[in-house]
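Here is what each chain is made of, one letter per residue.
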Amino acid sequence: MTSSRRRRVADVALQSGVVEVAEKVDRAKVLQRLRVGDIAFRHTTRAAAVTVLVILSGIIFSLVYGSLPALQKFGFNFLIEESWNPVTEHFGAIAPIYGTIVTSIIAMIIAVPVGLFIALFLTELCPMWLRRPIGIAIELLAGIPSIIYGIWGLFVFAPFLQQHVQPFLITVFGHVPVLSTLFEGPPYGIGVLTAGLILAIMVLPFITSISRDVFDAVPPMLKESAYGLGCTTWEVARYVVLPFTRVGVIGGVMLALGRALGETMAVTFVIGNAHRISGSILAPGTTISATIANEFTEAVGDIYTSSLIALGLILFVITFIVLACARLMLMRLNARLGQ
Amino acid sequence: MKHWTAFAAAGFIAAAALVPANAADISGAGATFPYPIYAKWADAYKKETGNGLNYQSIGSGGGIKQIKAKTVTFGASDAPLPGKELDESGLVQFPMVMGGIVPVVNLDGVKPGELVIDGPTLAKIFIGDIKKWNDPQIAKLNAQVKLPDQAIAIVHRSDGSGTTYNFTYYLSEVDADWKSKVGTNAAVQWPAGIGAKGNEGVANNVANTKGSIGYVEYAYALQNKLTFTKMVNKSGKTVAPTSEAFQAAAANADWNSQPGFGVILANQPGDKAWPMTAATWILLYKQPADAAATGEALKFFAWAYKNGAKAAEELDYVPMPAKVVKDVEAYWTKNVTDAAGKPIHAMTN
């Protein structure tokens with residue numbers, strides 16, 4: 001009933017002259033009703049948008065407020081000290097910061113090329129009948145809860161790495177300078193490298209599915225023209241598809257990086273949770289979110305709790321810096337190309 | 001349309017009214033270590049009396065915070081609060097159930113209970129001074145065991161826990177070096193090794209890593225079929241981790257030496273005492289705002305002391321000795337009162 005009236009009102013707006021005669025509806029009244037509707041719509045959407053700002057500033061405020069005791073006590077040293085000692089209540093955040101960044105870097109080094117290759121294969125090379133199964137498999141990968149990745153990582157992946165991959169890495173790189181430090185030590189199975197690899201698998205679907213969607217949006221005419229000029233598939237991908245879609249691809253990569261920086265459960269299971277910085281990526285480490293998840297429940301005392309909240313604030317700042325860098329990079333790219 | 005909303009609203013009101021109507025549910029929060037036995041007791045108690053228990057295992061630190069915020073009737077903690085803190089917050093404290101912490105190892109050819117370790121050696125392993133299994137200090141205690149020339153992989157808890165509190169308390173008791181360098185807490189700065197989440201995480205890492213050593217609640221060692229070790233206790237005797245050995249530690253402890261029975265059972269005297277026995281405590285208000293709710297909670301605890309021993313043993317916990325239970329109940333009568341100063345426990349009995 002209501003909808004039929006609304007439809008009539010819409011007709012009125014389109015062909016007011018006709019309706020005025022036929023239905024004798026007051027034109028000003030109708031327009032007034034439309035204006036009210038529009039205003040209500042505008043306010044509703046604005047309220048929804050403002051909610052985001054309110055929530056965000058609420059979170060920032062509570063993070064800053066909660067971390068004040070720790071930041072006042074340790075000052076700048078909180079950022080550069082390695083000690084994390086609940087007994088003496090002396091806390092420094094550099095080990096979790098280091099772990100967060102290194103695991104994310106490992107994840108991106110692996111996931112970005114692999115994710116882009118999968119997307120390119122799916123859009124440019126894959127036979128039609130295979131596209132759907134691979135596409136669905138990628139999306140399923142994104143739907144697996146992180147705790148499952150953690151359990152799988154601990155029970156299946158870590159023992160595999162410990163018995164097969166890590167001994168291989170240690171022997172192969174044992175006498176190469178720099179790399180021997182990077183791949184040093186007993187093969188625990190769990191550690192920074194394992195966490196990075198699990199993260200790579202977890203963020204892969206983000207990169208792949210976003211890249212695939214934007215690759216699909218490249219006008220066929222551009223690609224066909226390039227092929228017509230004698231370009232190889234690689235040249236088309238490199239010089240036509242990627243430049244055309246870089247904004248979308250970088251967006252997908254940043255989304256993935258955001259997830260890698262903040263991922264908690266899966267990392268906690270496989271990183272070894274040790275508050276130490278080690279030159280070797282086979283050694284156990286910790287990340288910001290893993291530390292918070294591990295220690296928050298049993299953190300007794302204001303300084304301890306506050307230090308954990310301060311870690312949360314640092315993660316927030318890191319994420320912000322990453323996003324800002326991505327924006328800056330995009331602006332520079334666009335400027336260089338004169339767009 | 002309208003009467004649907006009215007109906008929904010009535011439903012909400014009814015649901016909201018149902019919650020207080022169900023307020024006979026005793027509410028508590030805290031330690032994760034005793035959660036399985038509290039849940040089992042609660043189930044049996046509900047069948048018997050119709051009163052339920054809503055226990056949230058959010059961790060000891062959380063339990064202490066919740067009882068101080070008065071959101072729950074009782075809090076539960078694996079580490080006892082000191083007498084001063086109890087007095088300041090107007091809380092009473094008593095032990096509810098006990099368990100044992102055992103070192104577990106993963107060594108080829110070594111069966112459960114074969115390896116023997118003493119306190120100082122355990123401390124030196126976890127501090128990273130003893131790096132290999134065939135170290136003379138371990139070999140000295142294990143003449144008949146063939147120890148491999150293998151690096152020791154240390155596995156500890158990554159989350160704050162009462163298990164770690166009791167474990168580090170014991171190591172601090174037996175090793176001055178550990179006390180000064182690491183100390184005692186629910187979470188400490190571990191000098192070496194990898195951290196795993198929860199008893200199950202440590203159990204799994206030890207099971208997966210050759211040459212590893214960790215520490216878990218006794219029940220987890222049994223359930224995961226891990227190789228637990230024997231220990232040399234304070235009296236210099238070698239003991240195996242058994243229910244009797246945990247009971248012996250509790251029996252020898254001087255429970256009244258600390259306010260609120262806050263005795264850590266690590267390193268207790270006695271020939272049969274297991275050196276790493278641990279109790280878990282309940283926290284209540286001396287003069288609770290809701291005397292009836294606290295009365296219900298006390299009834300549940302009294303029931304559990306009286307009827308819960310078998311269930312506890314089935315889950316590899318250790319019930320409190322009868323003498324301690326008698327002292328605790330006398331302590332309730334003396335200390336937990338309603339606003340008029342009348343004892344709540346006697347009143348509800």
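Participant: Explain the overall build of chain B here, please?
Facilitator: Broken down by element type, chain B carries 15 helices and 12 strands. The C-alpha atoms of chain B give 22 Å as radius of gyration, which agrees with the globular expectation for 349 residues (20 Å, within 12%). When the backbone C-alpha atoms are referred to their principal axes, chain B occupies close to 75 × 55 × 35 Å. Evaluated residue by residue, chain B yields a buried proportion of 56% over its 349 residues. As presented, chain B carries roughly 14600 Å² of accessible surface, and 55% of it is formed by carbon and sulfur atoms. Here chain B contributes 32 positively and 30 negatively charged side chains, and the mean placements of these two sets differ by 1 Å.

Participant: Which parts of the structure should I look at to understand empty space enclosed by the protein?
Facilitator: Empty space among the atoms becomes visible once a probe the size of a water molecule is rolled across them. Taken as a whole, this structure holds 4 cavities of 30 Å³ or more when the rule is applied. Looking at the largest cavity, the residues that line it are Leu 154, Ala 158, Pro 159, Gln 162, Tyr 188, Gly 189 and Ile 190 of chain A together with Asn 205, Asn 208 and Thr 209 of chain B. Breaking the lining of the largest cavity down by element, the ones donating at least two residues are α7 (146-173) of chain A together with α9 (198-208) of chain B. Among the elements that take part in the lining of the largest cavity, α7 of chain A stands out by supplying 4 residues, more than any other. Counted by class, the lining of the largest cavity contains 5 nonpolar, 5 polar and no charged residues.

Participant: In this structure, what is going on with the pattern of salt bridges? I would like to understand it.
Facilitator: Pairs can form between side chains of opposite charge once their charged atoms are near each other. Scanning all chains against the criterion turns up 18 salt bridges over all chains. We note a salt bridge from Lys 223 of chain A to Glu 124 of chain A, for which the minimum N-O separation is 3.1 Å. Here the residue Lys 223 of chain A occupies a position in helix α10 (residues 220-228), and Glu 124 of chain A occupies one in helix α5 (residues 94-125), the gap between them amounting to 99 residues. Look at Glu 124 of chain A and you get buried, because its relative accessible area is 18%. Of the charged contacts, one joins Lys 111 of chain B and Glu 114 of chain B as a salt bridge, the two residues approaching to 3.8 Å between their closest N and O atoms. Since its relative accessible area comes to 53%, Lys 111 of chain B is described here as exposed. Here Glu 114 of chain B falls in the partly exposed class, since its relative accessible area comes to 32%. It is possible to trace a salt-bridge network through shared partners that takes in Glu 139, Arg 212 and Asp 213 of chain A.

Participant: So what exactly am I meant to see when it comes to the interface of chain A and chain B here?
Facilitator: The parts lose accessible area when they come together, and the size of an interface is often stated as this lost area. Counting residues at the interface gives 28 residues for chain A and 31 residues for chain B. Buried surface at the junction of chain A and chain B, both sides included, amounts to about 2300 Å², of which 48% is carbon and sulfur. Considering only the side of chain A, the residues that lose the most area to chain B are Val 87, Tyr 188 and Glu 298 of chain A, jointly responsible for 27% of the buried surface there. If you look at where chain A meets chain B, you find 0 salt bridges. At the junction of chain A and chain B, the tally comes to 9 residue pairs in polar contact (both at pLDDT 80 or more). Broken down by secondary-structure element, the contributors of at least two residues to the side of chain A that touches chain B are β1 (84-85), α7, α12 (265-270), α13 (288-295) and α14 (302-336) of chain A.

Participant: Would you mind going over a nonpolar patch on the surface with me for this structure?
Facilitator: Taken together, Ile 144, Ile 147, Ile 148, Ile 151, Trp 152, Phe 155 and Val 156 of chain A make up a surface patch of nonpolar side chains, about 570 Å² in accessible area. Residue position: Ile 147 of chain A is located in helix α7.

Participant: Please explain the layout of surface pockets as it appears in this structure.
Facilitator: Size it by volume and the largest pocket reaches roughly 680 Å³. As for the largest pocket, its lining consists of 27 residues, of which Gly 185, Pro 186 and Tyr 188 of chain A together with Ile 152 and Ala 153 of chain B are closest to the centre. Secondary structure elements with two or more residues in the lining of the largest pocket: α7 of chain A together with β6 (153-157) of chain B. The residue makeup of the lining of the largest pocket, split by class, is 13 nonpolar, 10 polar and 4 charged. Approximately 580 Å³ is the volume attributed to the second largest pocket. Contributing to the lining of the second largest pocket are 30 residues, with Arg 157, Asp 159, Gly 198, Asn 199 and Glu 200 of chain B lying nearest its centre. Put simply, the parts of the chain that give the lining of the second largest pocket at least two residues each are α7 of chain A together with α2 (35-49), α7 (162-174) and α9 of chain B. A total of 5 residues in the lining of the second largest pocket trace back to one element, the largest contributor, which is α9 of chain B. Along the lines of polarity and charge, the residues of the lining of the second largest pocket split into 10 nonpolar, 13 polar and 7 charged.

Participant: Which parts of the structure should I look at to understand unusual backbone geometry?
Facilitator: A positive phi is found at Asn 273 of chain A, a non-glycine position, where the angle reads about 45 degrees. Relative accessible area serves as the criterion here: at 6%, Asn 273 of chain A is assigned to the buried category. One non-glycine residue with positive phi stands out, namely Lys 70 of chain B, at about 60 degrees. Inspection of the secondary structure assignment puts Lys 70 of chain B in the loop between α3 (60-68) and β3 (74-77). Assessed through its relative accessible area of 59%, Lys 70 of chain B is described here as exposed.

Participant: Would you take a moment to explain the packing of α13 of chain A against α14 of chain A for this structure?
Facilitator: Packed helices, taken two at a time, are described by their axes: the angle between them and the distance between them. Residue and element names in this part refer to chain A. Direction vectors running N to C along α13 and α14 enclose 155 degrees, while the axes themselves pass 9 Å from each other. Between α13 and α14, the interaxial angle falls into the category roughly antiparallel. When you trace α13 past α14, the crossing you get is left-handed. Here Ile 288, Thr 291, Ile 292 and Glu 295 of α13 lie close against α14, whose contacting residues are Tyr 304, Leu 308, Leu 311, Gly 312, Ile 314, Leu 315 and Ile 318. Looking at the contact of α13 with α14 residue by residue, the class counts come to 8 nonpolar, 2 polar and 1 charged.

About the criteria used
- Residues numbered from 1 in each chain as written.
- Chains lettered and ligands numbered in written order.
- Predicted model: local features only at pLDDT ≥ 70, side-chain atom pairs only at ≥ 80, totals over all residues.
- Heavy atoms only, no water.
- Helix = DSSP H or I, 4+ residues; strand = E, 2+ residues; numbered from the N terminus.
- Rg over C-alpha atoms; globule rule 2.2 N^0.38 Å.
- Buried < 20%, exposed > 50% of the residue type's maximum accessible area, 1.4 Å probe, protein only.
- Areas by Shrake-Rupley, 256 points an atom, 1.4 Å probe, with all protein chains shown as cover.
- Lys, Arg positive; Asp, Glu negative; His and termini not counted.
- Charge placed at Lys NZ, Arg CZ, Asp CG, Glu CD.
- 1 Å grid on protein atoms, 1.4 Å probe; cavity = no way out; pocket = protein on both sides within 12 Å on 5 of 7 lines; lining within 4 Å.
- Points joined across faces, edges and corners; volume = space filled by probe spheres on them.
- Nonpolar A, V, L, I, M, F, W, Y, C, P; charged D, E, K, R; others polar.
- Salt bridge = Lys/Arg side-chain N within 4 Å of Asp/Glu carboxyl O.
- Contact = heavy atoms within 4.5 Å.
- Buried area = accessible area lost by both parts, 1.4 Å probe.
- Polar contact = N/O pair within 3.5 Å; in protein donor to acceptor, adjacent residues only side chain to side chain.
- Patch = residues over 30% accessible without salt bridge, like charges linked within 9 Å, V, L, I, M, F, W, Y side chains within 5 Å.
- Axes fitted to C-alpha atoms, helices over the stretch in contact; angles between N-to-C directions.
- Parallel < 35°, antiparallel > 145°, perpendicular 65-115°, else oblique.
- Left-handed = near helix turned anticlockwise from the far one by under 90°.

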